[in-house]
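# Coordinate inspection notes
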Amino acid sequence: MLNVNNIETESQETGRWRNFNSWIKRNFNYECYLNFLTGCYSCKLEAEQRKSRRPLCCCSLLEILFYPWLLTALCLSVLLVFVWVESSNEYNGFDWVVFLGTGVWFFWSLVLLSLFGILAAYTSLLLVLGFLLCWEGKELYLHWYHKVAHHWALTAALQVAVGLPFFLILLCLYVMPFGNYSPCIQEKDKLGPKPSFFGHRGAPMLGPENTMMSFEKAVEHGAFGLESDVHISYDHVPFLMHDLSLRRTTNIKEVLPNASLRHPSLFDWDFLATLNAGKWFSHSQIKPFYHMKPLSEADKEKAGNQKIPKLTDLLELAQKEKKLVIFDLNSPVPKHPARKEFVRLVVNVILASGIEQHLIVWLPGFDRKYVRSTAPGFQHVGRLFTIERLTKENISRINVDYKRLFYNGLREYKAANININIYIVNEPWLFSLAWCSRIQSVTTDNIQVLNQINHPYFFMTPSFYMFMWILMDVVSAIFIFAVFYFHWWRESQSEKILKGISSYTETPSVSLQKENTENEAALNVMESPETLTKSVGELPGSQSINPEPVQETTQPLMP
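Residues numbered from 1 in each chain as written. Predicted model: local features only at pLDDT ≥ 70, side-chain atom pairs only at ≥ 80, totals over all residues. Heavy atoms only, no water.

Using the following cut-off: UniProt positions are given in the numbering used here, feature names are shortened, and annotations may be inferred rather than shown by experiment.
The chain appears in an unreviewed UniProt entry as Glycerophosphodiester phosphodiesterase domain-containing protein 4 isoform X4 from Camelus ferus. According to the UniProt record, the Sequence similarities (unreviewed entry) comment for the chain reads "Belongs to the glycerophosphoryl diester phosphodiesterase family." What UniProt states about the chain under its Subcellular location (unreviewed entry) heading is, verbatim, "Membrane".

## As for the state of the cysteines
We apply this condition: Here, a disulfide means two cysteine sulfur atoms that sit within 2.5 Å of each other. The way it works is that DSSP assigns letters per residue, a run of H or I at least four long becomes a helix, a run of E at least two long becomes a strand, and they are numbered from the N terminus.
Scanning the model with the defined rule gives one disulfide in all. The disulfide partner of Cys184 is Cys436, and the gap between their sulfur atoms is 2.4 Å. Where Cys184 bonds to Cys436 through sulfur, the torsion about that S-S bond is close to 100 degrees, and the disulfide is right-handed. Placement of Cys184 in the loop between helix H8 (156–175) and strand E1 (196–200) and of Cys436 in helix H19 (residues 428–436) is noted, with a sequence separation of 252 residues between them.

## Quick look at the confidence of the model for the chain
As a reminder of what qualifies: The score called pLDDT rates the predictor's confidence residue by residue, from a low of 0 to a high of 100. Any two residues whose heavy atoms approach within 4.5 Å are treated as being in contact.
Across the chain, pLDDT averages 78, with 71% of residues at or above 70. Between residues 1–17, whose pLDDT stays under 50, and residues either more than four places distant or in other chains, the model counts 18 contacts. Below a pLDDT of 50 lies the segment residues 47–56, which in the model reaches 20 contacts outside its immediate sequence neighbourhood of four places, other chains included.

## Quick word on the side chain of Thr443
This is how the line gets drawn: Only protein chains enter the area calculation, which uses a 1.4 Å probe; residues under 20% of their type maximum are buried, those over 50% are exposed, and those in between are partly exposed.
Following the sequence through the fold, Thr443 ends up in strand E9 (residues 441–444). On the accessibility criterion, Thr443 (4% relative accessible area) is buried. Every residue in contact with Thr443, bar those within four places of it in the chain, is listed here: Phe198, His200, Glu227, Asn399, Asn421, Ile422, Tyr423, Ile424 and Val425.

## Side note on the pairing of E9
For clarity, the threshold we go by: Two strands are counted as paired when DSSP detects at least two bridges linking them.
Neither face of E9 is left uncovered, since the one carrying Ser441 and Thr443 and the one carrying Val442 and Thr444 both have all their residues buried. Pairing analysis gives four bridges linking E1 to E9, with the strands arranged parallel. Looking across to E9, one finds that Gly199 is bridged to Thr444. By the bridge criterion, three bridges tie strand E8 (residues 419–423) to E9 in an arrangement that is parallel. Paired with Ile422 across the strands is Val442, a residue of E9.

## Thoughts on the packing of aromatic side chains
Threshold: Centre distance within 6.5 Å is the pairing criterion for rings of Phe, Tyr and Trp, where only the six-membered ring of Trp is used; planes under 30 degrees apart are then read as stacked, over 60 as edge-to-face, and the remainder as tilted. Counting as a charge over the ring demands two things of the Lys NZ or Arg CZ atom: a distance within 6 Å of the ring centre and an angle within 35 degrees of the ring normal.
In the structure shown here, the tally under the stated rule is 16 aromatic pairs. When the ring of Tyr91 is compared with that of Tyr290, the centres are 5.9 Å apart and the planes differ by 45 degrees; the resulting orientation is tilted. Here Tyr91 is found in helix H6 (residues 91–102), whereas its partner Tyr290 is found in the loop between helix H12 (279–282) and helix H13 (297–304), with 199 residues between them in sequence. A relative accessible area of 36% means that Tyr290 is categorised as partly exposed. Consider the rings of Phe267 and Phe271, whose centres lie 5.3 Å apart with planes at 20 degrees: the pair is stacked. An aromatic cluster of at least three residues, connected via ring pairs, comprises Tyr91, Phe107 and Tyr290. Above the plane of the ring of Trp280 lies Arg248, whose end atom (NZ or CZ) is 5.8 Å from the centre. Cation over ring: Arg389 sits above Phe385, and NZ or CZ is 3.8 Å from the ring centre.

## Remarks on unusual backbone geometry
Following Tyr423, the chain continues to Ile424 via a peptide bond in cis, the omega torsion being -20 degrees. Mapped onto the fold, Ile424 is located in the loop between E8 and H19. Positioned with a positive phi, Arg201 is a non-glycine residue whose angle comes to about 60 degrees. Mapped onto the secondary structure, Arg201 falls in the loop between E1 and helix H9 (212–220).

In structure tokens form, the structure reads like this:
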């Protein structure tokens, strides 16, 4: 009887929604499970006593107010992770910008990616813990330490609020192929030729950037042209260097620590020629690119002995290998002796080197009239200028950051027969997109990988694209229907089980009540015999029986 009452009480307390956690109760210590949830979510080591369930929610108003903030934090953290993962092509540029501000070279991009991932995992964990606590009927109390990421509250109304957008988003995903555009969805005969490669500072994943080893590696891996950066030394010698100081790519801190932040153009060439420009690449534990392959012993030794090259060294290699040369020309500091004539100085050095003029792709926008008159064979390249300006300056090629080249602008430049070179393209998917967009050339750090791509990624014909979308729509619709059907089937099974438990608990109670009634009647009869006699005398056709008094007689004992 005591067991039956316990079953009834438990059935009333749990209800139908508590039936799904029976597996946990059977296989684990239920109190430890609740203590774990409460400890992680509320920073309390002991679970609170059960509180009466509220009509719509088991949370206080203050806790419910934290729900939108927690949900927003989760969405933003997931969005940040997605965007930063998709921006992997820009990791090296981001690390370089942080280096300019901190003076420390490190994979800051990966640090930021890790922080975004931790934030997404943290908010997701709070959501899961809040859901499980609501499932167990516990009132939520998010500790103040967690409220920087805010709070999860589960209500019946929320299920409707989430369910409706879910189906709307699902519907949008199903019809998205009809309005989607991708340059990699086209017929095979319309695919353009593979873009050519400009080695960005050579091949900086195979050798120290802006060194002869790096440019030689770029030539070995099929570079169409070589890209670099030019500074002018204090004694009028053009040399190759990208940064505005020597501290990152040379050993200036060891040789002349107090001058490590000085502009490169303020040094004489005799001093610059003594600096080592390769040990930072070959012997440092932190490499310039996180996905670099290890160097061979021969390449490691060669990289460790690299020096800062002159512009004439690069021109000599380009003339020998018949490669194009494109470079950014950095203007000297204001008090530099070549401040006013550095463009003419560089043009004269190029002409004196004997390189064929058509191999020079002239990018600087300074003094173009002089350059055209002095070196008419140079190929002039513009930036993201208007079509009218490019036509006026007789420029048929542009060099532009791929992020700034939108589809409409790309279509206008194609219509005007303008050749396009985009930078910096390191990821295969981005190179594939440029290929499908009929870009003529790209500037890359990752030439050893991109040169091995023989067909653009994600390329498909329109008919195959539609077939795949329709197939995925059908498969996903079947899967979603199966999930909902399974949920409905499990709920129906739970209802049957609960009905069986209810009928089982009610039937013994009725029989026990009848038995108790009969037992009580029997006890009453045994306690009052007059009542039994009276009832018998009242029966029809019965004779009344008057009991005769019993007289006591005392007989003498026999001797």
